Amino acid sequence: MFPIIDIGPISLPSASFLLLLGIWLGSALMTKQAKSHQRPGEILERILWTGFIAGIVGARLSFIARNPWAFQGQMFNVFSLNPALLDPVGGFLIGLAACYYLVTKHQLKLLKVLDDFTPFFATLIMAIYLASFASGAGFGAITRLPWGIQIWGAIRHPVQLYYLVAGGAVLAYTVFASQQEFHSSGQRFFAFLILTTGYLTVLSAFQDPAGQVILGFRGFQLACWTLFSISIILLQFYFRDKNNEQA
């Protein structure tokens, strides 16, 4: 594991650095792909960064609303860079609302926008895996296999690297496949979502459950399987209706 990256005299938390790098690379790839497909790259960037900033601000405001006692007598902590003072769920919902507002304002089709954002999602999720590997979070179950790694006092599956390889394959297929491969709005995004939740469902069996077991199932694995199933059902309904309209 490498929790700190030293760049000259500067020491940076590796997880945060890798996440920021993933956001930047994902944004650049998204814009490049959008322009090559005659899509509004500048508008997509505006949507992305507006949602990102709104999400960060919203996460702090949501945390304050839920934990007002945490800032009593220390109001300057409102501007703290401590990520523990953020509410991820509240920030995600507020950022999502900001993105949706801009999509409707520019009269863009939602499924087309999700297709355009797929390169960003595919790149960011790989950065998340690499950041987790660097920090030691989400470690794997104990194994005797020769490629196991020493972490937290035991030889464990490098499950984050499993995710990284699978995520790279999904990125290559959904982002760099020919335009003819995904000829209908939403196909690229649904392909990314189904493939991602599919490999997470399988590979999370090698992740340490850390007590998150529900009715004998790993909590994360159960959540991925549920999203995988919902995605397939939505895809079938959407394209069945689309084929009926064309007929």
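So, here's what we can say about the structure. What you see is a predicted model; the values in this text were computed from it and never measured.

## Looking at the overall build of the protein chain
When helices and strands are tallied, the protein chain shows seven helices and six strands. Secondary structure elements in the protein chain, listed N-terminal to C-terminal, are β-β-α-α-α-α-β-β-α-α-β-β-α. The proportion of buried residues among the 247 residues of the protein chain is 40%. Look at the contacts in the protein chain between residues 6 or more apart in sequence, and 61% of them connect residues 24 or more apart.

## So, helix 3 (residues 88-105)
The end-to-end C-alpha distance of helix 3, which contains 18 residues, comes to 26 Å, matching closely the 26 Å that a straight helix rising 1.5 Å per residue would cover. Taken together, the buried positions of helix 3 are occupied by Gly90, Gly91, Gly95, Ala98, Cys99, Leu102 and Val103. Summarising the contacts, the buried residues of helix 3 are in contact with helix 2 (41-66) and helix 4 (110-135).

## Digging into the pattern of salt bridges
Scanning all chains against the criterion turns up three salt bridges. Here Lys35 and Glu42 are joined by a salt bridge, their closest N and O atoms 3.6 Å apart. The salt bridge partner of Asp87 is Arg66, with a shortest N-O separation of 3.2 Å. With a gap of 21 residues between them, Asp87 in the loop between helix 2 and helix 3 and Arg66 in helix 2 connect regions that are remote in the sequence.

## Points about the packing of helix 1 (residues 14-36) against helix 4
The contact between helix 1 and helix 4 brings their axes to 8 Å, and the two run at 165°. Classed by the angle they form, the pair helix 1 and helix 4 counts as roughly antiparallel. As for the relative orientation of helix 1 and helix 4, their crossing is right-handed in sense. Contacts between helix 1 and helix 4 involve Ser14, Ala15, Leu18, Leu19, Gly22, Ile23, Leu25, Gly26, Ser27, Leu29, Met30 and Gln33 on the former and, on the latter, Asp116, Phe117, Pro119, Phe120, Thr123, Leu124, Ala127, Ile128, Leu130, Ala131, Ala134 and Ser135. In terms of residue class, the contact of helix 1 with helix 4 is built from 16 nonpolar, seven polar and one charged.

Rules used throughout
Residues take numbers from 1 onward in each chain, read along the sequence in its written order. The predicted origin of the model limits local features to residues at a pLDDT of at least 70 and limits the giving and counting of side-chain atom pairs to 80 or more, whereas totals for whole chains, interfaces and linings rest on all residues. Values shown for side chains rest on all heavy atoms present in the structure; no hydrogens or waters enter the calculation. For helices the rule is a DSSP run of H or I covering at least 4 residues; for strands it is a run of E covering at least 2, with both sets numbered from the N terminus onward. Classification of residues uses two cut-offs on accessible area relative to the type maximum, computed with a 1.4 Å probe and protein chains only: under 20% is buried, over 50% is exposed, and between them is partly exposed. We call two residues in contact whenever any of their non-hydrogen atoms come within 4.5 Å of each other. Helix span, as expected, comes to 1.5 Å for every residue beyond the first. Salt bridges are defined by distance alone: a side-chain nitrogen of Lys or Arg within 4 Å of a carboxyl oxygen of Asp or Glu. Throughout, an axis means a line fitted to C-alpha atoms (over the contacting stretch in the case of helices), and angles, computed between N-to-C directions, take values from 0 to 180 degrees. Here the word oblique covers every angle except those under 35 degrees (roughly parallel), over 145 (roughly antiparallel) and from 65 to 115 (roughly perpendicular). Two helices that cross are described as forming a left-handed crossing if the nearer one is turned anticlockwise from the farther one by less than a right angle, and a right-handed crossing if clockwise. We call Asp, Glu, Lys and Arg charged. Ala, Val, Leu, Ile, Met, Phe, Trp, Tyr, Cys and Pro are nonpolar, and the rest, Gly among them, are polar.

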